[in-house]
Amino acid sequence: MIYKGIFLAYVIIQNIYFLIIQPEKYKLWISVFNIFIGAIMTIMAVFYYFDAYKPKVGPVGNGPNPDLILTNFLGMIFTGGCFIIIGLIGVHIKRKLKHKK
């Protein structure tokens, strides 16, 4: 789980770095892809939250862990929101550069 978080943080930081340093080389499809990935992650977070509290059959004491569920939910929402914001900023910058030329 920690490696997935490190990888996602790396991807977010790399996107921000390229967007700030080389906005003319930043492709529009990357921004659209970031928005798409952010929307998918947000939808997956909502499905995860509802699935985690769905009644399951099993021994007593193996119920849901509310702290872990909330932490995972908020982490997925935050990551999805970061991707959406980066994508929207990228689209805005590409439009500005297009109209500037």
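Colleague: Looking at this structure, how should I read the overall build of the protein chain?
Modeller: Counting secondary structure elements, the protein chain contains 3 helices and 0 strands. Taken over C-alpha atoms, the radius of gyration comes to 18 Å for the protein chain, far larger than the 13 Å a tight globule of 101 residues would show. Dimensions along the principal axes, computed over C-alpha positions, put the protein chain at roughly 65 × 20 × 15 Å. Going through the 101 residues of the protein chain one by one, you find that 24% of them count as buried. Per element, the accessible surface of the protein chain, about 7800 Å² overall, is 74% carbon and sulfur.

Colleague: What is the right way to look at the packing of aromatic side chains in this model?
Modeller: We describe a pair of aromatic rings using the distance from one ring centre to the other and the angle between the two ring planes. Applying the stated criterion across every chain, the model contains 4 aromatic pairs. When the centroid spacing of 5.4 Å and the interplanar angle of 70° are considered together, the rings of Tyr-49 and Tyr-53 count as edge-to-face. On the basis of relative accessible area, Tyr-49 is assigned to the partly exposed category, the value being 31%. Take Tyr-53: its relative accessible area is 39%, and that puts it in the partly exposed class. Residues Tyr-49 and Phe-73 carry aromatic rings whose centres are separated by 5.0 Å and whose planes lie at 45° to one another, so their mutual orientation is tilted. With a gap of 24 residues between them, Tyr-49 in helix H2 (residues 28–52) and Phe-73 in helix H3 (residues 66–100) connect regions that are remote in the sequence. Judged by its relative accessible area of 18%, Phe-73 is buried.

Colleague: Before we go on, may I ask you to explain the confidence of the model for the protein chain in this structure?
Modeller: Of all residues in the protein chain, 96% have pLDDT values of 70 or greater, and the mean over the chain is 86. Taken element by element, the protein chain is modelled with least confidence in helix H1 (residues 2–21), mean pLDDT 85, and with most confidence in H2, mean pLDDT 92.

Procedures and definitions
Along each chain, numbering runs from 1 in the same order as the chain's sequence is written. The predicted origin of the model limits local features to residues at a pLDDT of at least 70 and limits the giving and counting of side-chain atom pairs to 80 or more, whereas totals for whole chains, interfaces and linings rest on all residues. Neither water nor hydrogens contribute to the side-chain values; these are computed over all heavy atoms in the structure. Note on conventions: DSSP H or I runs of at least 4 residues are helices, E runs of at least 2 residues are strands, and numbering of each starts at the N terminus. Two things to know: the radius of gyration comes from C-alpha atoms, and the globule rule equals 2.2 Å times the number of residues to the power 0.38. A 1.4 Å probe rolled over the protein chains alone gives each residue an accessible area, and that area as a share of the maximum for its type sets the label: buried under 20%, exposed over 50%, partly exposed in between. Computed with the Shrake-Rupley method and a 1.4 Å probe, the accessible areas treat only the protein chains shown as cover for residues. Only the six-membered ring of Trp is used, alongside the rings of Phe and Tyr, when aromatic pairs are assigned; centres must lie within 6.5 Å, and planes under 30 degrees apart are stacked while those over 60 apart are edge-to-face, with the rest tilted. Confidence scores here are pLDDT values: one per residue, from the predictor, ranging 0 to 100.

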